[in-house]
Amino acid sequence: MTPRFVPAHRAGLLVPSANPAVEPEFRVLMADDVALHVARLPVLPGLTLAERNAAYPATFAPTLGSFGALPLEAAAVALTGASYAMSPEEDEAFARSLSAGAGFPVLLASRAIAASLSALGAREIVLYSPYPDWLSARAVTYWRAAGFGVTEISVSDGTFRAYEMTAEEVTAGLSRVPDRPDVPVVLRGTGMPTLDAVAASLDRAGPVISSNIATAWALTRALGLAPSPVLAALAPALCLSRP
């Protein structure tokens, strides 16, 4: 008998405590035979967003440890803000350190975005940002240091809005972003609902990727799997690219 309800693969997801988008988006972006085991990063009461981002990296290894003996093949950290305080090289070294400690590949969302942009052959990008100005500035610095020309489109009123934005807002905002062939638009923020906006933008000349799409693509590759139908439909250029 071939089991119908036992997953063939197991992957971990580390998610900020109040993030509302990662689980529902990954549930459709990953293949049906992948079990996603989610661990919430700790609540850090009384801290500002900047202070939480500074404190989060130290929680990644203990949170990975909370999976115990669960036989994970890989894990992803669905958070980008903490990475933007580092250089791309420091961020990559941190990912390697987490992977070595866990004993399986640990993917950071920021590095997954970088890998996806590399796979697309991008030299310039547009960053669609739900971040406050100081965090958007950090992100622009990070991506320029990674070798990309950057145009930033802010959709924030100066506060962190990713968790409260609606799919309709994201779609309407994306429709106003200039469309340039071969210049990807990156919808930043793993807590922002992006899949409907990406689905509505498939006729654009330039590709649109989100933090969650890029991370699901990288996690799919780490598991050695073909893209799910939803991932292949929403990111056709990315899924057809060579590693």
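Scroll up for the structure.
For the structure given in this document, a descriptive report is provided here.

On to the packing of helix α1 (residues 22–29) against helix α9 (residues 211–222), then. At a closest axis distance of 10 Å, the pairing of α1 and α9 adopts a crossing angle of 45 degrees. When the interaxial angle is binned, α1 and α9 end up oblique. Handedness of the α1/α9 crossing: right-handed. Across from V22, E25, F26 and L29 in α1, the residues of α9 making contact are N212, I213, T215, A216 and L219.

Bringing the environment of V43 into the picture now. Here V43 is to be found in the loop between β2 (34–40) and α2 (49–55). On the basis of relative accessibility, which here comes to 60%, the residue V43 falls in the exposed class. As for V43 and P16, which are separated by 27 residues in sequence, their C-alpha atoms are 8.0 Å apart.

For S241, the position within the fold is in the segment after α11 (236–240). Overall, S241 belongs to the buried group, its relative accessible area being 19%. Measuring from C-alpha to C-alpha, the distance between S241 and S118 comes to 9.7 Å, with 123 residues separating the pair along the chain. Leave out the neighbours within four places in its chain, and S241 touches A119 and W217.

In total, this model carries five aromatic pairs according to the counting rule given. Each ring, one from F60 and one from F94, has its centre 5.8 Å from the other, and the planes form 25 degrees; the classification is stacked. In this pair, F60 is assigned in helix α3 (residues 57–65) and F94 in helix α4 (residues 88–102), connecting sequence segments 34 residues apart. For the pair shown, F60 and F94 are each scored as buried. When the ring of Y84 is compared with that of W143, the centres are 6.4 Å apart and the planes differ by 70 degrees; the resulting orientation is edge-to-face. You can see Y84 sitting in the loop between β3 (74–77) and α4 and its partner W143 sitting in helix α6 (residues 133–145), a full 59 residues away along the chain. Across this residue pair, the class does not change: Y84 and W143 are buried. Taken together, Y84, Y142, W143 and F148 form an aromatic cluster joined through their ring pairs.

Rules behind the numbers
- Residues numbered from 1 in each chain as written.
- Predicted model: local features only at pLDDT ≥ 70, side-chain atom pairs only at ≥ 80, totals over all residues.
- Heavy atoms only, no water.
- Axes fitted to C-alpha atoms, helices over the stretch in contact; angles between N-to-C directions.
- Helix = DSSP H or I, 4+ residues; strand = E, 2+ residues; numbered from the N terminus.
- Parallel < 35°, antiparallel > 145°, perpendicular 65-115°, else oblique.
- Left-handed = near helix turned anticlockwise from the far one by under 90°.
- Contact = heavy atoms within 4.5 Å.
- Buried < 20%, exposed > 50% of the residue type's maximum accessible area, 1.4 Å probe, protein only.
- Phe/Tyr/Trp six-rings, centres within 6.5 Å; stacked < 30°, edge-to-face > 60°.

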